[in-house]
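Analysis of the macromolecular model
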Amino acid sequence: MRKALLIALLLAPSAAIPVVMSLAADVTPTSEMPAAGSVGKTEGLAAWKRVEAVLTHPRCANCHVGPDNIPIWTVAGEKKSRPHGMNIHAGDSRIGAETIACSTCHMTSTAPNKLAHAPPHVGFDWQLAPVDFVWVGKSGVEICTQLKDPKRNGGRDAAGLVEHLRHDAEVNGFIPWAWNPGGGREMPPGTFEDHVKDVAMWGAAGQPCPE
Ligand code: HEC
Ligand code: HEC
């Protein structure tokens, strides 16, 4: 009797797994992730290379800076990036609360960014990315490893990263702005939709990183 119960208990969890998995597949109809296993490692790595080219582009990286809390700017028409002019310092708050708030100049607005050299704006308060999400000064492999680590990416799994992109677009955030930056600024390669697709493909391949 006891033996039978023990066997039943041992079997139960493994028996339950296929049920849970098929349920999950049924209840997430809007997921943009290709089915796990449907994208191979080679394809996944190729998708990562395109993702990396976007993340390291100034339109993205200029806010994803390290613990010095100094945003970077790449002025339209200039070749080189440099620390933000006017001694701007975001502080540990990353929004400039300790000195002058970023949104003082980068006023929150969904109006198009048009004027050259005007402070760009989006649908919520302008600010640096959390310091854990630093990309400036990191290699592609380092960025890849950190982006798939939930402890360093805001607790997101592969599908969560895709959702973040969609959510950011809904609130007129920084990510879609990068492909419509105004003021003669250069754009990252591809389109916003290409980027969402690449992040999803990389995720479906198990988030492979170059070696
Ligand atoms: C005194 C006004 C002012 C404040 C305050 C300010 N900025 Fe800016 N910022 C600007 C201007 C003007 C530009 C555009 C420069 C240009 O392109 O010629 C700019 C551009 C930028 C860019 C570059 C965008 C790009 O893609 O090259 C980033 C990043 C940025 N600011 C981050 C911040 C952050 C973060 C804060 C708060 C810590 C902040 N700024 C505070 C005026 C300001
Ligand atoms: C104006 C500053 C700014 C710019 C420009 C910017 N980001 Fe961010 N980014 C942030 C902030 C702030 C967060 C934190 C928001 C959150 O986690 O909800 C963030 C978080 C993220 C995350 C979450 C996970 C992680 O590990 O980083 C991703 C992915 C991301 N950004 C991608 C991009 C991409 C792609 C671009 C360019 C197309 C970009 N960002 C441009 C400020 C910026």
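Now for a description of the structure that goes with this document.

What follows concerns the nonpolar core. Core analysis: the biggest nonpolar cluster contains 30 residues, and V51, F174, V199, M201 and W202 have the highest contact counts within it. The set of elements that each furnish at least two residues to this core consists of α2 (41-55), α5 (140-147), α6 (158-170), α7 (174-177) and α8 (192-204). Looking at this core element by element, the count peaks at five residues for α8. Those residues in contact with W202 that lie beyond four places of it in its chain are G44, A47, W48, V51 and Q207.

A word on the site of ligand 1. If you check the shell around ligand 1, you find 26 residues, and the closest are P71, A90, G96, C102 and C105. Put simply, the parts of the chain that give the shell around ligand 1 at least two residues each are α3 (58-61) and α4 (102-105). It is α4 that contributes the most residues to the shell around ligand 1, three residues altogether.

Right, let's talk about the site of ligand 2 for a bit. Residues in close proximity to ligand 2 total 21 residues, the closest being C60, C63, F133, N153 and A178. Those elements that place two or more of their residues in the shell around ligand 2 are α2, α3, α6 and α7. Taken together, the residues of the shell around ligand 2 break down into 14 nonpolar, six polar and one charged.

Time to look at α6. Quick reminder: α-helices carry 3.6 residues per turn. Residues three or four places apart thus point the same way. Relative to the 18 Å expected for 13 residues at 1.5 Å per residue, α6 spans 19 Å between its end C-alpha atoms, a close match to the ideal helical length. Just downstream of α6 lies N172, where phi reads positive at about 55 degrees.

Burial in α5 covers these residues: I143, C144 and L147. Each buried residue of α5 lies within a common arc of 100 degrees when the element is viewed along its axis, so the set occupies one face. As for α5, its buried residues are in contact with α2.

We now examine the packing of α6 against α8. For the pair α6 and α8, the least separation of the axes is 8 Å and the interaxial angle reads 165 degrees. With respect to α8, the element α6 is oriented roughly antiparallel. Two packed elements cross with a definite hand, and for α6 against α8 that hand is left-handed. Taking contact as the criterion, the partners of A158, A159, L161, V162, L165 and A169 in α6 are, on α8, F192, H195, V196, V199, A200 and G203. Per-class residue counts for the contact of α6 with α8 are ten nonpolar, two polar and no charged.

Reading the values: the criteria
Residues numbered from 1 in each chain as written. Chains lettered and ligands numbered in written order. Predicted model: local features only at pLDDT ≥ 70, side-chain atom pairs only at ≥ 80, totals over all residues. Core = buried A, V, L, I, M, F, W, Y, C linked by C-beta atoms within 7 Å. Buried ≥ 20, exposed ≤ 12 C-beta atoms within 10 Å, placed from the backbone. Helix = DSSP H or I, 4+ residues; strand = E, 2+ residues; numbered from the N terminus. Contact = placed C-beta atoms within 7 Å. Near = placed C-beta within 6 Å. Nonpolar A, V, L, I, M, F, W, Y, C, P; charged D, E, K, R; others polar. Expected span 1.5 Å × (residues − 1). Arc of directions from axis to C-beta. Axes fitted to C-alpha atoms, helices over the stretch in contact; angles between N-to-C directions. Parallel < 35°, antiparallel > 145°, perpendicular 65-115°, else oblique. Left-handed = near helix turned anticlockwise from the far one by under 90°.

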